Amino acid sequence: MTELTGQAATQLANIEASSGRTRAEFTAEIAAAGLEKHGEIVSYLKQNHGLTHGNANLVAKLVRDDMAGGPASDEELLQAQYSGPKAALVPIYDEVSAIALGLGDDVDQVIQKTGVSFRRAKQFLLVQAPSAKRVQLGLNLPHTPKDERVKETSGMCSHRVDITSPEDVDDSVASWIAAAYEAADG
Amino acid sequence: MSDFVFHVHEPEPPLHRWVESIWYAKGTVPYKREKIAPTGSTVFLFILGDPIIETADNGEGETIRSDFGILVGPHDRPVINEPTGETHAVGVVLTPVGVRPTLGMVPSNLRGRVLHLNEAWPEAAGIRQLLLGEGDPSAMVSTLERQLTSTVGAAESGVSRIESALQLIEADPVLPIADVAASVDVSHSHLVREFTYFVGITPRAMARLLRLRRLLEGLDVRDATDWADLSVSLGWYDQAHLIRDFKRHTGVTPTEYVTAQRATFGQVAPEDAAGFVPQS
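Since the structure is predicted, the reported quantities are computational estimates derived from the model, not experimental observations. (Residues numbered from 1 in each chain as written. Chains lettered and ligands numbered in written order. Predicted model: local features only at pLDDT ≥ 70, side-chain atom pairs only at ≥ 80, totals over all residues. Heavy atoms only, no water.)

Asker: Which residues make up the overall build of chain A, and what are the values?
Answerer: Within chain A, the regular secondary structure consists of seven helices and six strands. Oriented by its inertia axes, the alpha-carbon framework of chain A measures out at about 60 × 30 × 25 Å. Burial statistics for chain A: of 186 residues in total, 44% are counted as buried. Partitioning the intrachain contacts of chain A with sequence separation of at least 6 by distance along the chain shows that 52% fall at a separation of at least 24. Here chain A displays about 9200 Å² of accessible surface, and carbon together with sulfur accounts for 50% of that area. The distance from the centre of the 17 positive side-chain charges to the centre of the 26 negative ones in chain A is 8 Å. (Helix = DSSP H or I, 4+ residues; strand = E, 2+ residues; numbered from the N terminus. Buried < 20%, exposed > 50% of the residue type's maximum accessible area, 1.4 Å probe, protein only. Contact = heavy atoms within 4.5 Å. Areas by Shrake-Rupley, 256 points an atom, 1.4 Å probe, with all protein chains shown as cover. Lys, Arg positive; Asp, Glu negative; His and termini not counted. Charge placed at Lys NZ, Arg CZ, Asp CG, Glu CD.)

Asker: I'd like a description of the interface of chain B and chain A, backed by residues and values.
Answerer: Contacts between the two partners involve 22 residues from chain B, matched on the other side by 22 residues from chain A. When chain B packs against chain A, the two sides together hide about 1800 Å² of surface, and 46% of this comes from carbon and sulfur. Sorting the residues of chain B by area buried against chain A places Arg111(B), Arg193(B) and Arg204(B) first, and these three jointly supply 31% of that buried surface. On the surface where chain B and chain A come into contact, there are three salt bridges. Its salt-bridge partner being Glu95(A), residue Arg204(B) comes within 3.9 Å of it at the nearest N-O pair. For the interface between chain B and chain A, the tally reads 11 residue pairs in polar contact (both at pLDDT 80 or more). (Buried area = accessible area lost by both parts, 1.4 Å probe. Salt bridge = Lys/Arg side-chain N within 4 Å of Asp/Glu carboxyl O. Polar contact = N/O pair within 3.5 Å; in protein donor to acceptor, adjacent residues only side chain to side chain.)

Asker: So, the domain arrangement of chain A: which residues are in play, and what are the values?
Answerer: Examined at the domain level, chain A breaks down into domain 1 (6-80) and domain 2 (84-183). For domain 1 of chain A and domain 2 of chain A, the distance between their C-alpha centroids amounts to 31 Å. (Domains from an automatic or database assignment.)

Asker: Tell me about the sheet that holds strand β2 (residues 19-27) of chain B, and name the residues and values.
Answerer: Residue and element names in this part refer to chain B. Taken in spatial order, the six strands of this open sheet run β1-β2-β9-β4-β7-β10, and their pairing is antiparallel. Strands with a single pairing partner mark the edges of an open sheet, and in this sheet they are β1 (5-9) and β10 (114-116). Ignoring which end each strand starts from, the neighbouring axes of this sheet average 15 degrees apart. Bridge count for strand β4 (residues 43-47) against strand β7 (residues 69-72) is four bridges, and the pairing is antiparallel. When the bridges of β7 are listed, Val43 appears paired with Val72. Sitting on the sheet, helix α4 (residues 124-132) touches β4 and β9 (87-94), and the angle it makes with β4 is about 55 degrees. Along the sheet, helix α5 (residues 137-151) makes contact with β1, β2, β4 and β9, crossing β2 at roughly 150 degrees. (Pairing = 2+ DSSP bridges. Axes fitted to C-alpha atoms, helices over the stretch in contact; angles between N-to-C directions.)

Asker: Tell me about a negative patch on the surface, and name the residues and values.
Answerer: Residues Glu10(B), Glu12(B), Glu20(B) and Glu170(B) make up a contiguous surface patch of negative charge. Tracing the chain through its elements places Glu10(B) in the loop between β1 and β2. (Patch = residues over 30% accessible without salt bridge, like charges linked within 9 Å, V, L, I, M, F, W, Y side chains within 5 Å.)

Asker: Outline the side chain of Ser117(A), listing residues and values.
Answerer: Mapped onto the secondary structure, Ser117(A) falls in strand β2 (residues 116-119). A distance of 2.6 Å separates the side chain of Ser117(A) from the side chain of Gln123(A), its partner in a polar contact.

Asker: Help me get a handle on the sheet that holds strand β3 (residues 33-36) of chain B, residues and values and all.
Answerer: Residues and elements named next belong to chain B. Read across the open sheet, the five strands follow the order β6-β5-β8-β3-β11; overall the sheet is antiparallel. Pairing within the sheet leaves two strands with one partner each, and these edge strands are β6 (63-66) and β11 (276-279). Adjacent strand axes in the sheet meet at a mean angle of 20 degrees, parallel and antiparallel pairs treated alike. As paired strands, strand β5 (residues 52-55) and strand β8 (residues 79-83) are joined by four bridges and run antiparallel to one another. Bridge pairing in β8 places Glu54 opposite Asn81.

Asker: Could you give an account of the domain arrangement of chain B, with specific residues and numbers?
Answerer: Residue and element names in this part refer to chain B. What the domain assignment reports for chain B is domain 1 (5-151) and domain 2 (159-279). A separation of 22 Å is found between the C-alpha centroids of domain 1 and domain 2. Each partner contributes residues to the interface: domain 1 has 26 residues there, and domain 2 has 31 residues. Overall, the association of domain 1 and domain 2 removes approximately 2400 Å² of surface from exposure, summing both partners, and the carbon and sulfur fraction of that is 56%. Sorting the residues of domain 1 by area buried against domain 2 places Lys35, Val97 and Arg100 first, and these three jointly supply 24% of that buried surface. Remark: the boundary between domain 1 and domain 2 carries two salt bridges. Between Glu163 and Arg17 there is a salt bridge whose closest N-O contact spans 2.8 Å. Taken together, domain 1 and domain 2 are joined by 11 residue pairs in polar contact (both at pLDDT 80 or more). Contributions of two or more residues to the side of domain 1 that touches domain 2 are made by β3 and α2 (107-110). Here the residues of the side of domain 1 that touches domain 2 sort into 12 nonpolar, five polar and nine charged. (Nonpolar A, V, L, I, M, F, W, Y, C, P; charged D, E, K, R; others polar.)

Asker: I'd like a rundown of the packing of aromatic side chains, residues and numbers included.
Answerer: Going through the model one piece at a time under the given rule, you end up with eight aromatic pairs over all chains. With a centroid separation of 5.6 Å and an interplanar angle of 80 degrees, the aromatic rings of Phe124(A) and Tyr181(A) are classed as edge-to-face. Placement of Phe124(A) in strand β3 (residues 123-131) and of Tyr181(A) in helix α7 (residues 171-183) is noted, with a sequence separation of 57 residues between them. Considered together, Phe124(A) and Tyr181(A) belong to a single accessibility category, that of buried residues. With a centroid separation of 4.9 Å and 90 degrees between ring planes, the pair formed by Tyr197(B) and Phe198(B) is classed as edge-to-face. The exposure class assigned to Tyr197(B) is partly exposed, which follows from its relative accessible area of 25%. An aromatic cluster is present here, built from Phe44(B), Phe46(B) and Trp121(B) joined pairwise through their rings. Directly above the ring of Tyr181(A) sits Arg120(A), whose terminal nitrogen or CZ lies 3.9 Å from the centroid. The positively charged end of Arg211(B) is found above the aromatic ring belonging to Trp236(B), 4.2 Å away from the centroid. (Phe/Tyr/Trp six-rings, centres within 6.5 Å; stacked < 30°, edge-to-face > 60°. Lys NZ or Arg CZ within 6 Å of the ring centre and 35° of its normal.)

Laid out in structure tokens, this is it:
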């Protein structure tokens, strides 16, 4: 990300303060909205964030610089997954990722465009936000737990669990994640 | 309950930082089994008498029957304790950050689980032999305290920050976790990860169960309780949310809880009975 100096830096700081969004968040949001052209981005910012034309023009320029500057950072990818109405799902993601990362120093967290993968020798957990209502956990489990929340599935993961509230990330969910972690040992 | 012997000892520093209490119990409880609400702590017990059966996750999780010892990891659902005869045991209640230094284990791997103590912790067999060689309860407790003091690990960096966070959550369980993070000068996501690394449950889950502990410890089961009033004063959105959390952590409704406590403990419920739901 190119650093700004002088007048433009002050202008950006003011935009960030009044809109409540950082430059990285704007970039993540624009990327998630699939906008690429300067004019489209300017109109989007004016319509959705009430930016003046001059401010929208600056942000559009910076966003396009950032998007052209190679792959997005982990933070930007994660923000894009939980932007807009999906921001309400962040507490669920926080609970689940803390549990997965707490299982051992050998857990790798790989943030992708459409989900976050937690891996040991192989993937044991995939966390996605398919709608604004739920976070979906894909687990690789050797056995099906006796709980109606766990659905058998096929493909990358053996089981699927939908979580709609952070309170639902309880002992059972933690024990399924731990069981998937143990099974992913080579 | 008069023939039930129960002593609680608070260890001296430096062990006290990791071990909240060591208890000794001997006697027969006047009921078949009990649900025990979570405190946020990991507990392990050496069984010296008849076998004890423990089941995790309000009876839906793993079941262990042991005449040696049981380790109960950090949990947010009730554990079911079922003595098969006379209870004779020495137990250790760890502080929320005590698992790593005391047992050298990863707390997240123990969450919501009950384990055979001898399989989980190799040192347990030697310690249990020492306990069996002691004549009286206070000698057993001192021996256990000495053993734990001699084997406990050093404090890892970051643990004091989590101890501060725990103090803030205990003082005010309704405090947003973002505010706790700001008070200890780390980002929200850093706090959640570091807390879970040391404690095994997330700060949000801990805050939820500590709020319910506060309710249970302040509850006088002999009196009529205004649940609507109580839910508001302790920061629940409404009575329905209080009942949902109550069931999650105790395994029963408030009414069932009060009825069970009255039936067993009569007019004078002991202070340390908070969170226990005896079942005939």
